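# Geometric and topological summary
One-letter residues, chain by chain:
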Amino acid sequence: MTYIGSATSRIDGRDKVTGAAKYAAEHNAPGLAHGSVVTSSIAKGRIVRIDASEALRVDGVIDVLSHENRPHMASSDSGYKDEVAPEGSPFRPLYDDKIKFSGQPIALVVAEELEIARFAASLVRVEYEEEAHVTDIYRQRDAAIAVKKPATPEEAIFAPPPPRGTADAALAAAKVRHTGEYYVPIEHHNPMELYASTAMFGEDGKLTIFDKTQGVQNVQRYVCGVFEMKPDDVRVMSPFMGGGFGSGLRPQFQVVLAVLAARALKRSVQVALTRQQMYVIGYRPAMIQRIELGADGGGTLDAITQEAITVTSQYENFYRQETGWSSLLYRCANAKYAHKLARLDLATSCDMRAPSAATGLYALECAMDELAVALKLDPVELRLRCYSDRDQIADRPYSSKKLRECYRQGAEAFGWAKRNPEPRAMRDGNELVGWGMATGIWEALQVPITVRIVLTANAHAEVSCATSDIGTGTYTIMAQVAADMLGLPLEHITIKLGDSTLPQSPVEGGSWIAASVSNGIATTSEAIRKDLLRLARRMPSSPLADAAPEDVTLADGKLVSKRDASRAVPIVDAMRHGGVDRIEQEQATSFADDGSRAHNTHSAIFAEVKVDEQLGVIRVTRVVNAVAGGRILNTKTATSQIMGGVVWGIGMALHEETLVDHHFGRIMNANIAEYHVPVNADVHDIKVIFVEEQDDTINPLGIKGLGEIGIVGVAAAVANAVYHATGKRVRDLPITLDKLMRN
Ligand code: MOS
């Protein structure tokens, strides 16, 4: 293999930097109208009256749509849901007069020009009947409801893990205990590309929609469900995406509005959200976590209890396995977990990069650091003493787990051995220097997927699948895998994705597409190889006349005998002799999992901070993230994934926080000027290490996926470094200088 494992540059990179790659709001259509969304200024209640008369008088305004005059939509009880919908009743814009959260879309002004639509939207007057709302997780803390008992294996994935042993008794008997409460605020994804949909209305009433989404087929089915349309009448395209991070797993409301308007007006309509409106769609749920750890004097864990309270809306219960990660990671015989939901008058929370692991591990890994301090033990040493070669929930081995190597290589690259364990013991001029570390874990998931390959007589191949490339590099790794599997140069491979008419794929998320689509390409390539061999064997005096399919491989544009490399037939010759100008294969791949092994990726993060002693300003000067993530398909895009995750982890630790004014129930910093993310000046030296990890059972290519593991544990490593620098433990994120200075 020549391409798999290389540092191949993105094959779509040129299109992206030159502007040739078109995003959802960059498509045009004859007579395209533009929609501007009017949003609710109250958090709860109902709309009494919408007065659009002034807006309708503006030149160029075509219509103002609301629940009063919209076209038909299926009732919310009709059963359709999107692929990743949680339990409950999904929100639909313009459905009725009820207000469920501030910023809720309540009307769409459609005009000939975007500017006209936006101006006219400011003229729509709305009268409300207001009800009392609650948007504060702390106020709902006591009223939080327990997540429901799982009824199916699917539900069990997100339920708190079952208890082990006798956690309360073990805690009471433990020589050393640590109890702490940790808080992560609401955070938003803030992808660069704004959510947008261009719904092109065909003469036959069929729709082609360019949508910003992580799953074109998910949106296609959803639109068909909402508008009771036939599958053939809706095509959804998303060839490029300017960042999703989970915010595009579920269809967003602008696609419903664009389709609604296109159907009402029988013309093409584009709806793009503003940056402020991007804060109305999902968010990472705020999370209060209480953790208790008990250890014996030797530094092995005797007991863990963890309770998590997260945020959801009043109409859907969104949650993930907030406590599942701490249950899985360390050897501990006694454990107990609880997970509750605070239902608030906000939109439903949703997946955001490494959902529940980024947050759950933040608390666990800070608590482990505090326990290490109490035990007077090096934090790495504590983790090694609690190291587990078996999944602690299901008591089974891992398909592979090179976490020990992550600790070793990460510590070595960082220079951890030189750490003075005393807080405030290390200095650099005016700054206190702190070194902290943490562990990361994520799942190596796989999903059923279908790949089509068309090989043409000039030895070029088109590989297609309805998956997305949300910016992670899917185009590139697909081309690399296809080139190696088909024995062709990379330039001979064309990738088609992000189109609902292509072969089946679930949403791109959960870090599951790289493994799934790569093995899908391998499976389909095998079928192509068999077709080629059939042709090659029929050639006169064929050197492969008696070769069996498993005896040949595709390399350098040829079918080659594995036993004797001199016995080979060029692909073009085999096709020409057979009189075939194209070979097409489409194969569905699923991944048999007998449940005998746990599949996870792991990491060890080491962070250095420098804290100005007088001002409390924190800089993250160095981070080493050592990752064990199976076979690395592309060292360049993989490094970018992990580096991006580290940057985001720095933001989680020090900057990010969505602030809600609880009086109005409204997000106050719905813009990227006041919602702080790390900028170049906040990002210093980041080193990514991929620990070699061979996995022979997870899938034929040994791929685990890397989209999310990069952020997990980073916030804890930074927080632990801040403690080490200052001797001050701030448990509620983000660690801003006011919290550090407060006594
Ligand atoms: Mo990811 S949070 O599954 O896009």
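Predicted, not measured: the structure shown is a model, and the values here were computed from it. (Residues numbered from 1 in each chain as written. Predicted model: local features only at pLDDT ≥ 70, side-chain atom pairs only at ≥ 80, totals over all residues. Heavy atoms only, no water.)

### Here we look at the overall build of the protein chain
A count of helical and extended segments in the protein chain gives 17 helices and 33 strands. Expected size for 743 residues packed as a compact globule is a radius of gyration near 27 Å; at 27 Å, the protein chain falls within 12% of this value. Across its three principal directions, the C-alpha atoms of the protein chain cover 85 × 75 × 55 Å. In the protein chain, which comprises 743 residues, the proportion classed as buried is 61%. (Helix = DSSP H or I, 4+ residues; strand = E, 2+ residues; numbered from the N terminus. Rg over C-alpha atoms; globule rule 2.2 N^0.38 Å. Buried < 20%, exposed > 50% of the residue type's maximum accessible area, 1.4 Å probe, protein only.)

### Comments concerning unusual backbone geometry
With the exception of glycine, most residues fall at negative phi, and the peptide bonds are largely trans. In this model, Leu733 is joined to Pro734 through a cis peptide bond whose omega is -5°. The residue Ala354 is not glycine, and still its phi comes out positive at about 55°. Structurally, the position occupied by Ala354 is in the loop between strand S17 (334-343) and helix H9 (357-375). A relative accessible area of 0% places Ala354 in the buried class. Of note in this structure, Asp556 is not a glycine but carries a positive phi near 50°. Among the structural elements, Asp556 can be located in the loop between strand S25 (552-555) and strand S26 (558-561). Owing to a relative accessible area of 70%, Asp556 belongs among the exposed residues under this scheme.

### Overview of a nonpolar patch on the surface
Together, Leu615, Val617, Leu737 and Met741 make up a nonpolar patch on the protein surface, roughly 350 Å² of accessible area in all. Position of Leu615 relative to the elements: it lies in the loop between strand S29 (600-612) and strand S30 (618-628). In this structure Leu615 comes out as exposed when scored by relative accessible area, which is 53%. (Patch = residues over 30% accessible without salt bridge, like charges linked within 9 Å, V, L, I, M, F, W, Y side chains within 5 Å. Areas by Shrake-Rupley, 256 points an atom, 1.4 Å probe, with all protein chains shown as cover. Salt bridge = Lys/Arg side-chain N within 4 Å of Asp/Glu carboxyl O.)

### Some thoughts on the sheet that holds strand S11 (residues 207-211)
An order of S3-S6-S1-S13-S10-S11-S12 is seen for the seven strands of this open sheet, with the pairing classed as mixed. Of all the strands in the sheet, just strand S3 (61-66) and strand S12 (234-237) have a single pairing partner and so form its edges. Each strand of the sheet is rotated relative to its neighbour by a mean of 20°, with strand direction disregarded. Taken together, the five bridges between S3 and strand S6 (residues 105-111) define a ladder with antiparallel strand orientation. Its bridge partner being in S6, Ser66 is matched across the sheet by Ala107. Packed on one face of the sheet, helix H7 (residues 253-265) meets strand S1 (33-39), S3, S6, strand S10 (196-201), S11 and strand S13 (269-272) and runs near 25° to S10. (Pairing = 2+ DSSP bridges. Axes fitted to C-alpha atoms, helices over the stretch in contact; angles between N-to-C directions. Contact = heavy atoms within 4.5 Å.)

### Here we look at the sheet that holds strand S22 (residues 449-456)
Across the sheet, which stays open at both edges, the four strands sit in the order S24-S23-S22-S28 with mixed pairing between neighbours. Only two strands of the sheet have a single partner each, and these edge strands are strand S24 (493-496) and strand S28 (582-589). Adjacent strand axes in the sheet meet at a mean angle of 15°, parallel and antiparallel pairs treated alike.

### What to know about the pattern of salt bridges
Within this structure, the stated rule accounts for 44 salt bridges. In this structure, Arg250 engages Asp82 in a salt bridge whose closest nitrogen and oxygen atoms are separated by 3.1 Å. Within this pair, whereas Arg250 is found in the loop between S12 and H7, its partner Asp82 is found in the loop between S3 and strand S4 (87-88), the two being separated by 168 residues in sequence. The partner of Arg452 in a salt bridge is Glu586, with the nearest N and O atoms 3.0 Å apart. Of the two residues, Arg452 sits in strand S22 while Glu586 sits in strand S28, which places them 134 residues apart along the sequence. A relative accessible area of 40% places Glu586 in the partly exposed class. One salt-bridge network, held together by shared partners, links Arg46, Asp97, Lys98 and Glu129.

### Re the side chain of Lys739
Among the secondary structure elements, Lys739 is positioned in helix H17 (residues 737-741). Side-chain polar atoms of Lys739 contact the backbone oxygen of Asp732, separated by 3.1 Å. Among all residues touching Lys739, those that are not within four sequence positions of it are Lys728, Val730, Asp732, Leu733 and Pro734. (Polar contact = N/O pair within 3.5 Å; in protein donor to acceptor, adjacent residues only side chain to side chain.)

### Considerations on the pairing of S10
Counting buried positions over the six residues of S10 gives five, a clear majority of the element. Examined bridge by bridge, S10 and S13 share four bridges and lie antiparallel to one another. Within S13, the residue paired with Thr198 across the bridge is Gln270. Alignment of S10 against S11, held across five bridges, turns out to be antiparallel. Residue pairing in the sheet places Ser197 in a bridge with Asp211 of S11. In this structure, the hairpin formed by S10 and S11 is closed by a connection of five residues, where Gly205 is found at a positive phi of approximately 85°.

### Quick look at the nonpolar core
One recurring pattern in soluble globular proteins: nonpolar side chains tend to sit buried together. Ranked by internal contacts, the top residues of the largest apolar core, which has 95 residues, are Leu293, Leu301, Tyr362, Phe606, Val609, Val718 and Ile735. With twelve residues, the single largest contributor to this core is H9. Excluding residues that lie within four positions of it along the chain, Phe606 makes contacts with Val380, Cys406, Tyr407, Gly410, Ala411, Phe414, Trp416, Gly436, Met437, Arg622, Val623 and Val624. Among the nonpolar cores identified, the runner-up in size contains 55 residues, and Ile453, Ile528, Met575 and Ile583 belong to it. (Core = buried A, V, L, I, M, F, W, Y, C linked by side-chain atoms within 4.5 Å.)

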